[in-house]
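# An overview of the molecular structure
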Amino acid sequence: MWGGTIAFEIAQQLHNMGKKVGLVAMLESYNEHAFSVHSSKTIRIANKLLNVIFHFQNMMHPLNNAKMKFIIEKFRVEIERVRINIMVGFTKVGAIFNGNVMPNYPHLRITDINDEAQLNYVPKPYKGRITVFRPKKNFIGYD
């Protein structure tokens with residue numbers, strides 16, 4: 001979702017500088033301000049679970065070597081993310097009880113910053129054309 005917002009804003013700035021923008025293509029991009037459900041943590045968690053389901057459904061299609069390598073790498077990265085999130089969770093609890101300092105996991109902080117920036121971005125009307133590629137299935141609240 002974030003990449004489409006960046007593409008949109010770049011096109012907006014180029015257009016405002018008088019530059020010609022030939023194409024703005026956005027893949028599964030959304031205007032977060034058009035939806036009211038995103039303030040709900042329950043909806044965000046449900047959508048993370050749906051993301052896992054969507055990936056699983058994609059995996060059920062016939063596999064080739066490239067797809068299998070992608071799936072293995074994606075799985076490895078997700079396992080590492082879960083491991084770090086669990087460690088951070090335990091560390092937060094330990095820090096509360098022991099007064100210890102939290103370890104630094106910069107990529108988790110960057111994810112939080114990106115999510116916050118996405119939620120705070122307010123798009124302005126764009127005078128050019130935009131092509132949006134939408135998915136076959138949507139997350140909850142993204143109809």
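## Overview of the overall build of the protein
The helix and strand tally for the protein stands at four helices and two strands. Reading the protein from its N terminus to its C terminus gives the helix and strand order α-β-α-α-α-β. Counting all 143 residues of the protein, 17% fall into the buried class. Across the protein, contacts joining residues at least 24 apart in sequence account for 71% of those joining residues at least 6 apart.

## Observations regarding the pattern of salt bridges
Charged atoms that come close allow side chains of opposite charge to pair. Taken as a whole, this structure holds one salt bridge when the rule is applied. In this structure, glutamate 73 engages arginine 76 in a salt bridge whose closest nitrogen and oxygen atoms are separated by 2.6 Å. Taken together, the residues glutamate 73 and arginine 76, both in helix α3 (residues 65–98) and three residues apart, mark about one turn of the helix.

## Notes on the environment of alanine 46
Mapping alanine 46 onto the fold places it in helix α2 (residues 41–59). Note on alanine 46: relative accessible area 22%, which makes it partly exposed. Each C-alpha atom of the pair alanine 46 and isoleucine 140 lies 7.6 Å from the other, and the pair is 94 residues apart in sequence.

## Remarks on α2
The end-to-end C-alpha separation of α2 is 27 Å, in line with the 27 Å expected for 19 residues at 1.5 Å each. Every buried residue belonging to α2 is among Ile43, Asn47, Leu50 and Phe54, and all of these are buried. Take α2 and look down its axis: the buried residues cluster within an arc of 60°, on one side only. The exposed set on the far side of α2, more than 90 degrees from its buried face, consists of Lys41, Thr42, Lys48, Leu49 and Val52.

## Quick word on the nonpolar core
The tendency in soluble globular proteins is for nonpolar side chains to be buried as a group. In terms of nonpolar packing, the biggest core is built from six residues, these being Phe8, Ala11, Val24, Met26, Tyr121 and Tyr126. Apart from residues lying up to four places away in sequence, alanine 11 is in contact with Val21, Val24 and Tyr126.

Rules behind the numbers
- Residues numbered from 1 in each chain as written.
- Predicted model: local features only at pLDDT ≥ 70, side-chain atom pairs only at ≥ 80, totals over all residues.
- Heavy atoms only, no water.
- Helix = DSSP H or I, 4+ residues; strand = E, 2+ residues; numbered from the N terminus.
- Buried < 20%, exposed > 50% of the residue type's maximum accessible area, 1.4 Å probe, protein only.
- Contact = heavy atoms within 4.5 Å.
- Salt bridge = Lys/Arg side-chain N within 4 Å of Asp/Glu carboxyl O.
- Expected span 1.5 Å × (residues − 1).
- Arc of directions from axis to C-beta.
- Core = buried A, V, L, I, M, F, W, Y, C linked by side-chain atoms within 4.5 Å.

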